[in-house]
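Results of the structural survey
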Amino acid sequence: MKSTILVNKTSDSPKYRQVVDNIIEIIDKGILKRGQQLPSIAELATSQKTAKVTIAKAYDILREDGLIFSRHGKGFYIATNETKVRLNIFVLFDTFNAYKEVLYRAFQATLPANTRYNIFFHHYDIEQFRKLIEDSIGKYNFYVIMPHFDVDVSGIVEMIPKNKLLLIDKNIKKLEGDYAAVYQDFEPDVFGALQQGLTQLRKYKALHLISGAKFFQYVPADIIKGFKRFCKKYQISYSIEGNLSENTIKQHHAYLIFSD
């Protein structure tokens, strides 16, 4: 391997660029394949009699392009054999439903045709959420994360570089730094929506929010806060129910159900 990645000191091309182009060429020829290990920065710098910072810069570019990834304390590895792919995106949703398919199709319609997506689902399992993110670090250009949890997951998401992160649907209040996020503000949103229907809702004896039912979707804690705030402000009898069945439905009562 050491003799394959070469630096030509008489070339006008910068040395780091030569390393990048050389490794891409080797991948294209099938000499290096996905999962194979590259020489360490020190090994390649020594064999090519060049500075470690030059090799490190080349590896950083390859990693940014999603062509290689690093494992802490173990080295650098080939991430893909498809060198023409310039965007390699990690997408982590909560669960699969019609809403997520709409999001996925929107990504496909907006980003370049040669973008690669790897889509995962955590199903509200925080350990699965942690493991999927841990295993992905360094392998992707960007990370699209849907952190639907009512506990703080900022410590987990902190593993992702902020300039590569996009949070969607739900923000993480304790996550510090500058990062991209497109999310719902659940508490004021549900309060405002119910407020708009106040005249109709006053016709009912009570209003019930169905949270955590087996056949419905996850309901964020902030929705419950907004619901309670609305009911208390307008003195509407209410309850938070764990499930719903024909036997529990009462005449002249209204039910708020979340389902895609």
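Summary of the structure given here. (Residues numbered from 1 in each chain as written. Predicted model: local features only at pLDDT ≥ 70, side-chain atom pairs only at ≥ 80, totals over all residues. Heavy atoms only, no water.)

**So, helix 7 (residues 186–196)**
Since the α-helix turns once every 3.6 residues, residues separated by three or four places project in the same direction. Those residues of helix 7 that sit buried are Phe186, Val190, Phe191 and Leu194. Looking down the long axis of helix 7, one finds its buried residues gathered within 125° of arc, a one-sided arrangement. On its buried face, helix 7 is in contact with strand 6 (165–169), helix 8 (198–201), strand 8 (206–210), helix 9 (221–233) and strand 10 (253–256). (Buried < 20%, exposed > 50% of the residue type's maximum accessible area, 1.4 Å probe, protein only. Helix = DSSP H or I, 4+ residues; strand = E, 2+ residues; numbered from the N terminus. Arc of directions from axis to C-beta. Contact = heavy atoms within 4.5 Å.)

**Let's talk about the layout of surface pockets**
A volume near 360 Å³ is recorded for the largest pocket. Broken down by element, the lining of the largest pocket gets its largest block of residues, three residues, from helix 9. Looking at the lining of the largest pocket residue by residue, the class counts come to nine nonpolar, two polar and eight charged. (1 Å grid on protein atoms, 1.4 Å probe; cavity = no way out; pocket = protein on both sides within 12 Å on 5 of 7 lines; lining within 4 Å. Points joined across faces, edges and corners; volume = space filled by probe spheres on them. Nonpolar A, V, L, I, M, F, W, Y, C, P; charged D, E, K, R; others polar.)

**Remarks on the packing of aromatic side chains**
Across all of its chains, the model carries 14 aromatic pairs by this definition. Considering the side-chain rings of Phe230 and Tyr234, the 5.2 Å spacing of their centres and the 50° angle between planes classify their relative orientation as tilted. Comparing Phe230 with Tyr234 shows no difference in burial state: the two are buried. Pairwise contacts between aromatic rings join Phe90, Phe120, Tyr140 and Tyr143 into one cluster. Between the NZ or CZ atom of Lys57 and the centre of the ring of Tyr16, over which it lies, the distance is 4.0 Å. The ring centre of Tyr77 lies 4.7 Å from the NZ or CZ of Arg71, which sits over that ring. (Phe/Tyr/Trp six-rings, centres within 6.5 Å; stacked < 30°, edge-to-face > 60°. Lys NZ or Arg CZ within 6 Å of the ring centre and 35° of its normal.)

**Regarding the nonpolar core**
The biggest cluster of nonpolar side chains holds 20 residues, and the ones touching the most others in it are Val19, Ile23, Leu38, Tyr59, Leu62 and Ile68. Listing elements by their share of this core, those giving two or more residues are helix 1 (15–28), helix 2 (41–47), helix 3 (52–64) and strand 2 (75–78). Broken down by element, this core gets its largest block of residues, six residues, from helix 1. Among all residues touching Leu62, those that are not within four sequence positions of it are Val20, Ile23, Ile24, Leu67 and Ile68. Counting 19 residues, the second-largest nonpolar core is a separate cluster that includes Leu194, Leu209, Ile223 and Ile236. (Core = buried A, V, L, I, M, F, W, Y, C linked by side-chain atoms within 4.5 Å.)

Coordinates in, geometry out; function isn't part of it.
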